[in-house]
Amino acid sequence: MGEFQKDNKLYECPNCHHIRKMSADHIGPISLGFRHHIYFKPLCSSCNSSKNNRFTYSDVKELLEIEQRNEDVISWHSKHIWDKVKFLVVDDSTAKTASNIMASAHQNVLYLLSTIYQRTGKEFLRRYLHPEYSLTDYRFEDFDPFDLGKLKIKQKTLTSKNKLKNQERASRVPFESLEEFAAKDNRRHRFYHECITSEIENIIATIDNKDFDKADELLQAAISHLADIIFDSEWVAD
């Protein structure tokens, strides 16, 4: 994404056909629970913004092709809802519905993680962080927004000081994000946590007992249950 930001050349946008600077469009938006993977499309900033954190039917077909190569496109916490909707997308209309449902599921996951964080602290949730990915810096050559296959990647080992700084940030920012999420008042998504109150309390009690492996199993089950509830409420209703 940084290479897109640094590239000041002008290109014809494949969507609106205006000559503009390109931005990186995630084929699967992170805001819907997709991984921060390497698959981007070049779009001008205006067209990228107009997608409004949705995917298209074309995007879904590409994501399914990537999965057929045994590559993961979806984060662990959103896999269940993605698996429920991905084969139901047959056009841009159903793609929009699937996008909305995945956005709702992702917001519910954040609500659940935020609740766990507020009630139990950081210790359990740290197991889902991977600060080791911050230990290497990457440099790129031969960047072409329309042919990322030509990109040459060079790794650069960081100094001990920078490693510590990056690890600290990688461990700090996710919890700051959960705090910001909990502080928000205006939300357009419905939250379904009253449907899994007993499951949430069981997770928290298990974390308090320091049985983190069991708590992980319970959390995974609760997220899957939430996905089922959201799908049944929002896809069928449409």
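Quick notes on the rules
- Residues numbered from 1 in each chain as written.
- Predicted model: local features only at pLDDT ≥ 70, side-chain atom pairs only at ≥ 80, totals over all residues.
- Heavy atoms only, no water.
- Helix = DSSP H or I, 4+ residues; strand = E, 2+ residues; numbered from the N terminus.
- Rg over C-alpha atoms; globule rule 2.2 N^0.38 Å.
- Buried < 20%, exposed > 50% of the residue type's maximum accessible area, 1.4 Å probe, protein only.
- Contact = heavy atoms within 4.5 Å.
- Areas by Shrake-Rupley, 256 points an atom, 1.4 Å probe, with all protein chains shown as cover.
- Lys, Arg positive; Asp, Glu negative; His and termini not counted.
- Charge placed at Lys NZ, Arg CZ, Asp CG, Glu CD.
- Disulfide = S-S within 2.5 Å.

Participant: Please give an account of the overall build of the chain that cites residues and values.
Facilitator: In terms of helices and strands, the chain carries 8 helices and 5 strands. Listed N to C, the secondary structure of the chain is α-β-β-β-α-α-α-α-β-β-α-α-α in terms of helices and strands. A globule of 238 residues ought to have a C-alpha radius of gyration of about 18 Å, and the chain, at 20 Å, matches this closely. If you line up the chain on its principal axes, its C-alpha atoms span 55 × 50 × 35 Å. Among the 238 residues that make up the chain, the fraction classed as buried is 41%. Relative to all contacts within the chain whose residues are 6 or more apart in sequence, the contacts with residues 24 or more apart total 62%. Accessible surface, the chain as shown: approximately 13900 Å² in total, 48% of it carbon and sulfur. When the 34 positive and 37 negative side-chain charges of the chain are each reduced to one mean point, those points stand 6 Å apart.

Participant: Give a detailed account of the state of the cysteines, specifying residues and quantitative values.
Facilitator: Counted by the stated rule, this structure contains 0 disulfides. Here cysteine 13 is not cross-linked by a disulfide; its sulfur's nearest cysteine counterpart is in cysteine 16, at 3.8 Å. We note that cysteine 47 lacks a disulfide partner, and the nearest cysteine sulfur, in cysteine 44, lies 3.5 Å from it. Cysteine 47 sits in the buried class, given a relative accessible area of 6%.

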